[in-house]
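What the coordinates show
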Amino acid sequence: MFKYVNRPVKRVDALAKVTGKALYAEDISFPGMLYGAVLRAEHPHAKILKINTAKAKRIKGVRAVITADDIPGSKLVGVVKLDQPVFAWERVRYIGDGIAAVAAEDMDTARKALSAIEVDYEVLPGVFDPEEALKDDAPKVHEDGNVIVYHKVRKGDVEKGFKEADLVIEREYKTQFIEHSYIEPEAVVARPVDYGGIEIWGCIQNAFTTQKNVARVLGLDMAKVRIIQTPLGGSFGGKDDVMTVMAARAALLALKTGRPVKLVNTREESMRESYKRHPYVLRYKLGLKRDGTIVALQAYMAADGGAYASTTPFVTWRSTVQAAGPYRVPHVKVDTYGVYTNNPYTGAMRGFGSPQANFAIESLMDEAANELGMDPIEFRLKNGLRDGDETATGQKLTRHRVSLHEVIEKVRDAINWEELRKNPGGDGKIRRGVGIACSFRGASLGAEGVDIAGVEVKIDSDASVSIEAGLTEMGQGIKTVLAQVVAEELGVPIERVTLHPYDTSRVPDSGPTVASRATIVGGGAAQAACWKLREVILGALQEEDGAERAWFEDGVYRTEKNKYSFEEAVGIAIRRGKGLNAVGWFRTPDIHWDEEKGIGSPYFTYVYGAQAAYVEVDTETGKVRVLRVAAAHEVGRAINPAMARGQIYGGVAMALGYGLLEEFEVSEGIPLVKNFDDYSIPSSLDVPEVIPIIVENPDPDGPFGAKSLGEPTNELLAPAIANAIFHATGKRLRELPMNLEMVLLGRKLRRKRK
Amino acid sequence: MKKLTVNFTVNGERVRLRVPANRTLLDILREDLGLTGTKRGCDTGECGACTVLMNGRSVNSCLVLAGEVEGAEIITVEGLGGEEALHPLQEAFLEEDAVQCGFCIPGMLMSAKYLLDRNPDPSEEEIREAISGNLCRCTGYIPIIRAIKRAALKLKERK
Ligand code: FES
Ligand code: FES
């Protein structure tokens, strides 16, 4: 039995957070620190004719004013493509582009200096819709055309499939821009250091990506750029590219002035500059037999990537390979485009391409069930993947338990499906209904990149343990998970385990903390490090006792002669001169994806989820209230069940915003949203009762059988609500968010620019 | 900007400061007094991250100007309870796993304190209402609501 793993251990980082002691990026200051500010573009697409900084430089208290001309190395950064300027020169491509930055003795002076910078533009026609951008005569956002990326899936022969079908339905769905809305705005502090480099403290989600890009911009070795991650006040995928750009600017200012520089975005700047979730247009065609068997599926998707590529190539890839949902479909054809426009750029956000595809496929499944006169759950169970089945990309699911039916059945029972479908309640203008959505989700990075992580575990002479890990704590609880794994595997009390901050100069590069991969790869690496340490300790005990055998069991170190606690065993190992630190590595099993042919096994394993929503619609006002949500998620094994439930509550709330409330409205490239007063994320008054259900079917390839959970919780509620609204009112909504106007009028009212 | 001198107390300590008249209480706390436990999320009174108690009432400190602070009694998260002597609310937040990224938490705690100071036995609706101005993007609020209920029980037991 486990002592720490699979138990609701308390968070290791929460005490500092409830006492106000946790130092977030904006809380950090250094003596002699300057304050930075950034001037941003005035048009979504324009030529820059002239930038005049002379006046700004003359203002008292201004220590530096910099533009692209002051960049010693690469002027461009990017995760996949180097296409985003640290400071725009010659051309601006979206309204959040930075043109220049100032460092001054105080914030007021810095802001004053910004308004003294003069920029002359020649406005260019822009393109603001991805499908417009795909046309030949569309304005080009970048020289090499507007297609960022194209992905496909090809399996069987869809034409043949549609011919065999008794019923073919075609539908179009649309999703919106949304804002991550982490409550902490972006912030960094950069300071020059005496080894000829730079140290950057900041709420940077993927410190190694930032390190690499900043080094490129500064023209320095990566070893001279040290990124120290501060606790993230939320990220959800959002503190990546935008932080890289911010870190690069702060570093340039710091090196230019020789002083520490703090750069903090106001909420307005954050909303203007930061990337969003991709809006998609999705067109589906589905072929069915009378008995409800799916025979063919075709999907076309266009995702608005905005001005820069960011992670669009990966986001759209996930949408593509998961486009057909967790169903058996013999004939599949999917085509996906990620496209440049002059809108705010889009990138990683919790879900990463699945919330959009799931909204479409899970609404479509409901529409299909309705056309066939079948119950939506019965229809899903009939077509849903089971052990040994082949996915829409041709992957045979044989290594892990396919838990789709289990999660669907669990939410069906928890929400009281049978009864509510028959008698949903409500009367007159108030209608009620219940709907479901389900998914499978590839765990970790998949064929996006090398999926490897390293964690260092070190034992000090007093038998306390420290962990150095390059995996990001953003509230999801990875620090606690790592402490639990190490406590379990070494037999050390968890109170004696400490996690140090994620510092690129001290931890192994473990890739980005994305794709809900931290528990799998970080947990696996921590486990591997502990195993190495255990070998060393057991070797020492064998020597000590002159024993035949030494082993570790139930948290205790043993030889055939003696038993030792962790502390005793460590004492002996140290006395015998053993080195007690180790780096463990974990690499996910190999996968194969053929991008040319559009077929393969994109992920080594999958997690399964289902959510059901019971909703109430006021048919006079269009107001939708979610009364209750049941959410069942299969996670392999939950390292910390309390935190797993926490992920479900949080993911459901965020998805409620996506489904009903949120839209980052953009008109011709200009955001109509400036702050939280015109962007409503769910408040405590909006969240429904949530029944979290954790299903555990340990995976042979994850540490302790664990897989992932962060994102699946956030990818199902919008279609579940849409399906419930249909049940309640007979109205099918195919566009997000399903706010008053959509529910009432079936279309969006466009707001005017302010 | 015109400067003014303000006298007030923060977490029981007397403070005298000379600051520009347009300075907000949030900036006074964070920048002038180094009390960075109070967070900044929007600077417009929309997110609640900057909530503190002023004369026993919860306020968004980003909306309070220096002049209004004269003579006031301010309590911030740092004054709620330290590691050695946690306030029952802090304990309950830990016990209910109500903290994820933690950025909203100082403000949440102060709004919750204001509620429990007035209403030792709040209903779920009253709790939801009391923290409706405090945005949290991580927790979905449910663990926070439970923590506040739990803290109310703790406080009752102590009496
Ligand atoms: S910072 Fe004051 S309410 Fe957001
Ligand atoms: S815990 Fe992250 S915003 Fe509330």
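Before reading on, note that the structure itself is shown above.
One structure accompanies this document, and this report is about it. Per chain, the residues get numbers from 1 upward, laid out in the order the sequence is written. Each chain is given a letter, starting from A, and each ligand a number, starting from 1, according to the order in which they appear as written. The predicted origin of the model limits local features to residues at a pLDDT of at least 70 and limits the giving and counting of side-chain atom pairs to 80 or more, whereas totals for whole chains, interfaces and linings rest on all residues. Computation of side-chain values: all heavy atoms of the structure, hydrogens and water removed.

Moving on, we come to the layout of surface pockets. Grid points spaced at 1 Å over the protein atoms alone were grouped into cavities, where a 1.4 Å probe fits but cannot get out, and pockets, open sets with protein on both sides within 12 Å along at least five of seven lines, with lining residues defined by an atom within 4 Å of a point. Grid points are joined across faces, edges and corners, and a volume is the space filled by probe spheres set on the points. Estimates place the volume of the largest pocket at around 840 Å³. In terms of lining residues, the largest pocket is bounded by 36 residues, among which Lys623, Leu656, Leu660, Leu661 and Asp686 of chain A are the most central. Segments assigned H or I by DSSP are reported as helices when at least four residues long, segments assigned E as strands when at least two residues long, and all are numbered from the N terminus. Sorting the residues of the lining of the largest pocket by element identifies β30 (624-634), α17 (641-661), β33 (689-695) and α19 (740-745) of chain A together with α4 (124-130) and α5 (142-158) of chain B as the ones contributing at least two each. Asp, Glu, Lys and Arg are counted as charged, while Ala, Val, Leu, Ile, Met, Phe, Trp, Tyr, Cys and Pro are counted as nonpolar; the rest, among them Gly, fall into the polar class. When the residues that make up the lining of the largest pocket are grouped by side-chain class, the tally is 16 nonpolar, 3 polar and 17 charged.

Residues and elements named next belong to chain A. One requirement defines pairing of two strands: DSSP has to find at least two bridges between them. Pairing is mixed in the open sheet, where 5 strands are placed in the order β18-β19-β29-β30-β33. On the outer flanks of this sheet lie β18 (426-427) and β33, each paired with one strand and no other. For strand β29 (residues 606-618) and β30, the ladder comprises 9 bridges, and the chain directions are antiparallel. Note on β30: the bridge partner recorded for valine 615 is valine 626.

Our focus in this paragraph is the pattern of salt bridges. Salt bridge criterion: a side-chain nitrogen from Lys or Arg within 4 Å of a carboxyl oxygen from Asp or Glu. Across all of its chains, the model carries 72 salt bridges over all chains by this definition. Put simply, glutamate 367 of chain A and arginine 171 of chain A hold a salt bridge, and the shortest N to O gap is 2.5 Å. In this pair, glutamate 367 of chain A is assigned in helix α10 (residues 354-372) and arginine 171 of chain A in strand β10 (residues 167-174), connecting sequence segments 196 residues apart. Put simply, Glu26 and Asp27 of chain A together with Asp27, Arg30, Glu31, Lys39, Arg40 and Asp43 of chain B are held in one network by salt bridges that share partners.

Between chain B and chain A, the contact holds 45 residues from the first and 49 residues from the second. When two parts are brought into contact, each loses some accessible area as probed by a 1.4 Å sphere; the total of that loss over both is the buried area. Carbon and sulfur atoms make up 57% of the surface buried where chain B meets chain A, a total of about 3,900 Å² over both sides. Remark: the boundary between chain B and chain A carries 6 salt bridges. For glutamate 26 of chain A, the salt bridge is made with arginine 30 of chain B, and the minimal N-O distance between the two is 3.9 Å. Pairs of N or O atoms are called polar contacts if they sit within 3.5 Å, as long as, within protein, a hydrogen donor faces a hydrogen acceptor (for residues adjacent in sequence, only side-chain-to-side-chain pairs). In this structure, the connection of chain B to chain A is made through 22 residue pairs in polar contact (both at pLDDT 80 or more). For the side of chain B that touches chain A, the secondary-structure elements that each account for two or more residues are α1 (25-32), α2 (88-95), α3 (105-118), α4 and α5 of chain B. Contacts between residues were defined by any pair of non-hydrogen atoms, one from each residue, lying within 4.5 Å.

Another aspect to go through is the nonpolar core. Core analysis: the largest hydrophobic core is formed by 205 residues, its most contacted members being Ile200, Tyr284 and Ile721 of chain A together with Phe93 and Ile148 of chain B. The nonpolar core is taken to be a set of buried Ala, Val, Leu, Ile, Met, Phe, Trp, Tyr and Cys residues, with the residues joined through side-chain atoms within 4.5 Å. Relative accessibility under 20% of the residue-type maximum defines a buried residue, over 50% an exposed one, and the middle range a partly exposed one, all with a 1.4 Å probe and only protein chains included. Val485, Ile572, Phe586 and Ala706 of chain A belong to the second-largest nonpolar core, a separate cluster that totals 54 residues.

In this section: empty space enclosed by the protein. All names here are of chain A. Going through the model one piece at a time under the given rule, you end up with 4 cavities of 30 Å³ or more. Put simply, the largest cavity is a space of about 620 Å³. Listing elements by their share of the lining of the largest cavity, those giving two or more residues are α14 (478-490), α15 (518-545) and α17. Per-element accounting of the lining of the largest cavity gives the leading share, 3 residues, to α17. Its residues assigned to classes, the lining of the largest cavity shows 18 nonpolar, 13 polar and 5 charged. Computed from the structure, the second largest cavity encloses a volume of approximately 50 Å³. What lines the second largest cavity is Val77, Gly78, Val79, Gln84, Thr209, Asn213, Asp240, Asp241 and Thr244. At the level of secondary structure, the elements contributing two or more residues to the lining of the second largest cavity comprise α6 (207-218) and α7 (241-257). Here the lining of the second largest cavity is composed, by residue class, of 2 nonpolar, 5 polar and 2 charged.

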